[in-house]
Amino acid sequence: MKRRKLLSMVVSSALILSLAAGCGTNNNTAKNNTSSSKSSETVKITFLNSKGEIESQLEDAAKAFTKENPNITVDVIPAPAGQSPFEKVTSMYAAGNAPTLAMLDPGDIAKFKDKFLDLSGEKWVADAIDWTLSVARVDGKVIAFPLAVEGYGFIYNKAVLDKAFGGNFDPKSIKTRDDLENAFKKVEATGAKALEISPMDWSLGAHFLTLAYADQSKDPAQVNKFISDLKAGKVNLANNKVFNGLMDTFDMMKKYNLDKSNPMAPTYDKGPEVIGKGEVGFWFMGNWAWPQIKTFDTANGQYGFIPVPISNNPDDYGNSQIAVGPSKFIGIDKTQNNAAQQDAAKKFLNWLVYSQAGQDVLVNKANVIPAFKNIVLEPQDPLAKSIKQYMEEGNTLRLEFNTILPSDHWSKLGASMQKYLSGVTDRKGLINDIESYWKSVQ
């Protein structure tokens, strides 16, 4: 329009036609230039991260990936604290800005089967540890990438325990609830406190309470049946030996809790500090916590795990087994991200599994136990080493039932566990909450 306004009124019609023809040629050239530039344009993908403890590591991974792939940028978006990954991803879909890569909990993967890309043909599928794909396979298709195998139980500070036991502490010496309480007493006799209980709903609901399911049987099918019976209202938890044994252990934990006077006060950040500094001997948490513990480490990296005992019979299942399972899965959106973004996302996942830099991120930076057989890097952090040793010995509780846990399980029953921790409700009230919750599940 500006050009036309500057044209003189006396310009001949022939000249106007000539200029118009010239503009048409320039427009075609511009279109061609735009078309050619698109092929070299940067592809931006988004990655919703629901593992807050490795946010900085994933941001560094994104930068390293882009350095090797300059035409792809990865924007890591942290899921808000206190909101389930399922809720966050669902809201992003509703807003029309679904993340290219979405990190979800195991039980949520199947809910996105119509939105996630079929990844069955990806190279890493053949290299994945077989049982880690049981969650990712929906209707015969692999629709998610297993990010990590993780485990949890009582983290112990070996320097504190060595002092308490007057020598070299052997974690395998704790096989019963009484053994654990004896260790608590010995630690407190040194002037340290026995235990830190972190009161987050995800820790209490997704990790501690689910031991009541996992410990029911060595047979995964029987664990699934137990959960089905809970949904059908056929389980009386008041008479369930495993559940009550686990809660008896929790009662004992409450007795020795560093923050028993105000059990809901601590944040997650307090746990790695007090265990790292040796202010407590034990902390109920998982191997993902090592990066934070490391910043406070006073035990020269000497930490490990013991299982959560549920009885005083050392032969009972669960007393010597550590809880292990694939904890997070990543899906690629196929509905709101274009083909270029989908290809870039697949390239990022392959980079994590097959590049030296990607493997370094998983094993050495994020301190996860990879779900892939081709990754031979040995974990350097003590917590991953401890979990891996339990795996190699076959002393694990496999958490495959996580696939059938509702997405609000950890938030709703975690809240019930918080009430129990703080004395707002008793065992009877907790049982009522759990049984009522499962009966309401569709």
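Scroll up a little and you will see the structure.
Residues numbered from 1 in each chain as written. Predicted model: local features only at pLDDT ≥ 70, side-chain atom pairs only at ≥ 80, totals over all residues. Heavy atoms only, no water.

> For this particular structure, what's the right way to read the layout of surface pockets?
Over the atoms rolls a probe the size of a water molecule, and in doing so it shows where empty space is left. Of the voids in this model, the largest pocket is the one considered here, and its volume is about 990 Å³. Lining the largest pocket are 39 residues, with Ser50, Asp105, Trp202, Lys328 and Trp410 sitting closest to its centre. Looking at the lining of the largest pocket residue by residue, the class counts come to 17 nonpolar, 15 polar and seven charged. (1 Å grid on protein atoms, 1.4 Å probe; cavity = no way out; pocket = protein on both sides within 12 Å on 5 of 7 lines; lining within 4 Å. Points joined across faces, edges and corners; volume = space filled by probe spheres on them. Nonpolar A, V, L, I, M, F, W, Y, C, P; charged D, E, K, R; others polar.)

> Just to check I follow, could you spell out helix α14 (residues 339–354) for this structure?
Note on helix geometry: an α-helix contains 3.6 residues per turn, so any two residues three or four positions apart are oriented the same way. In this model, α14 (16 residues) spans 22 Å end to end at C-alpha, consistent with the 22 Å of a helix rising 1.5 Å per residue. Along α14, the residues classified as buried are Gln341, Gln342, Ala344, Ala345, Phe348, Leu349, Asn350, Trp351, Leu352 and Val353. Of the residues that open α14, the one with a side-chain oxygen 3.1 Å from the backbone nitrogen of Ala340 is Asn338. (Helix = DSSP H or I, 4+ residues; strand = E, 2+ residues; numbered from the N terminus. Expected span 1.5 Å × (residues − 1). Buried < 20%, exposed > 50% of the residue type's maximum accessible area, 1.4 Å probe, protein only. Polar contact = N/O pair within 3.5 Å; in protein donor to acceptor, adjacent residues only side chain to side chain.)

> What is the right way to read the packing of aromatic side chains from this model?
Each aromatic ring pair is characterised by the separation of its centres together with the angle its planes make. Considering all chains together, one arrives at 27 aromatic pairs under this definition. Ring centres of Phe65 and Trp351 lie 5.6 Å apart, and the angle between their planes is 70°; on these two criteria the pair is classed as edge-to-face. Residue Phe65 is located in helix α3 (residues 55–68), and its partner Trp351 is located in helix α14; the two are separated by 286 residues in the primary sequence. Taking relative accessible area as the criterion, Phe65 reaches 0% and is therefore assigned buried. Residue class for Trp351 comes out buried when judged on its relative accessible area of 6%. Pairing Phe208 with Phe284 gives two aromatic rings, centres 5.3 Å apart and planes at 75°, and the pair type is edge-to-face. Here Phe284 lies in strand β8 (residues 280–286) and Phe208 lies in helix α8 (residues 201–208), a separation of 76 residues in the sequence. Residue Phe208 shares its accessibility class with Phe284, and that shared class is buried. (Phe/Tyr/Trp six-rings, centres within 6.5 Å; stacked < 30°, edge-to-face > 60°.)

> So what exactly am I meant to see when it comes to the packing of α3 against α14 here?
The description of two helices packed together rests on the angle between their axes and the distance between the axes. As a packed pair, α3 and α14 sit with axes 11 Å apart at the nearest point and diverge in direction by 110°. If you check the angle between α3 and α14, you find them roughly perpendicular. Judged by residue contacts, Ala61, Ala64, Phe65 and Glu68 of α3 engage Ala344, Lys347, Phe348 and Trp351 from α14. (Axes fitted to C-alpha atoms, helices over the stretch in contact; angles between N-to-C directions. Parallel < 35°, antiparallel > 145°, perpendicular 65-115°, else oblique. Contact = heavy atoms within 4.5 Å.)

> What exactly am I supposed to notice about the side chain of Gln57 here?
Summarising the element assignment, Gln57 is placed in helix α3. On the basis of relative accessible area, Gln57 is assigned to the buried category, the value being 12%. Leaving out residues up to four positions away in the same chain, Gln57 has contacts with Pro291, Val361, Lys365 and Ala366.

> How should the pattern of salt bridges be read in this particular structure?
Between side chains of opposite charge, pairing is possible as soon as their charged atoms come close. Under the defined criterion, the tally for this structure stands at 19 salt bridges. One salt bridge in this structure joins Lys51 and Glu53, with 2.5 Å as the shortest N-O distance. For the residue pair Lys51 and Glu53, the accessibility class agrees, reading buried in each case. The residue Asp248 makes a salt bridge to Arg427 at a minimum N-O spacing of 2.8 Å. Taken together, the residues Asp248 in helix α11 (residues 241–256) and Arg427 in helix α18 (residues 427–440) connect sequence positions 179 residues apart. Given a relative accessible area of 33%, Asp248 falls into the partly exposed group. (Salt bridge = Lys/Arg side-chain N within 4 Å of Asp/Glu carboxyl O.)

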